[in-house]
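# A look at the structure
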Amino acid sequence: MDNDLKEALTALLKAELSPVFERLDRIDGRLDGIDNRLDRLELEQAQIKQAVLETNETVKRIEVIQEQQHRIIELLSARSIEHEAKIKQIL
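Residues numbered from 1 in each chain as written. Predicted model: local features only at pLDDT ≥ 70, side-chain atom pairs only at ≥ 80, totals over all residues. Heavy atoms only, no water.

## Comments concerning the overall build of the protein
- A tally of regular secondary structure across the protein gives 1 helix and 0 strands.
- Expected size for 91 residues packed as a compact globule is a radius of gyration near 12 Å; at 39 Å, the protein overshoots this value by more than 25%.
- With respect to the three principal axes, the spread of C-alpha positions in the protein is 130 × 15 × 10 Å.
- With 91 residues in all, the protein has 0% of them scored as buried.
- With the model as given, the accessible surface of the protein reaches about 8900 Å², and the carbon-plus-sulfur share is 59%.
- One way to put it: in the protein the 14 positive side-chain charges average out to a point 10 Å from where the 19 negative ones average out. (Helix = DSSP H or I, 4+ residues; strand = E, 2+ residues; numbered from the N terminus. Rg over C-alpha atoms; globule rule 2.2 N^0.38 Å. Buried < 20%, exposed > 50% of the residue type's maximum accessible area, 1.4 Å probe, protein only. Areas by Shrake-Rupley, 256 points an atom, 1.4 Å probe, with all protein chains shown as cover. Lys, Arg positive; Asp, Glu negative; His and termini not counted. Charge placed at Lys NZ, Arg CZ, Asp CG, Glu CD.)

## Observations regarding the pattern of salt bridges
- Following the criterion strictly, the structure yields 1 salt bridge and no others.
- Of the charged contacts, one joins Lys 86 and Glu 82 as a salt bridge, the two residues approaching to 3.4 Å between their closest N and O atoms. Placement of both Lys 86 and Glu 82 in helix α1 (residues 2-90) is noted, with a separation of 4 residues, approximately one turn of the helix.
- Among the residues examined, Lys 86 registers a relative accessible area of 44% and is labelled partly exposed.
- Residue Glu 82 is classed as partly exposed on the basis of its relative accessible area of 41%. (Salt bridge = Lys/Arg side-chain N within 4 Å of Asp/Glu carboxyl O.)

## Things to note about a nonpolar patch on the surface
- Together, Leu 13, Leu 17, Val 20, Phe 21, Leu 24, Ile 27, Leu 31, Ile 34, Leu 38 and Leu 41 make up an exposed nonpolar region whose accessible area comes to about 900 Å².
- Relative to the elements of secondary structure, Leu 31 occurs in helix α1.
- Owing to a relative accessible area of 45%, Leu 31 belongs among the partly exposed residues under this scheme. (Patch = residues over 30% accessible without salt bridge, like charges linked within 9 Å, V, L, I, M, F, W, Y side chains within 5 Å.)

## Observations concerning the environment of Arg 23
- Summarising the element assignment, Arg 23 is placed in helix α1.
- Since its relative accessible area comes to 55%, Arg 23 is described here as exposed.
- The spacing of Arg 23 and Asn 3 is 20 residues in sequence and 30 Å in space, taken between C-alpha atoms.

## Details of α1
- Counted at 1.5 Å a residue, the expected span for α1 with its 89 residues is 132 Å, and the 128 Å between its end C-alpha atoms agrees.
- The largest bend in α1 is about 40°, located at Leu 17, with the proline Pro 19 one to four residues further on. (Expected span 1.5 Å × (residues − 1). Bend = angle between axes of the 7 residues up to and from the residue.)

Remember, this is a structural readout, not a statement about activity or role.
Written out as structure tokens, the structure is:
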């Protein structure tokens, strides 16, 4: 009788806990999905950060080039004005 009672209680516990285990399995599956999404987001964030850093470096190089070109244009402009003045003096 003791063994029958034990088996009956075990069956009852399994029956009662089965929905709980199923729900925990579904929750665990959702958490896995969330983990996967977070992993993808972290990867995308790292890629975006890398792209921003590369773009920033490119912009800095362009700024340096523009500054150099600006100085050259100013020098050429001054020389052009100087040449025009000399031409006027000659004429």
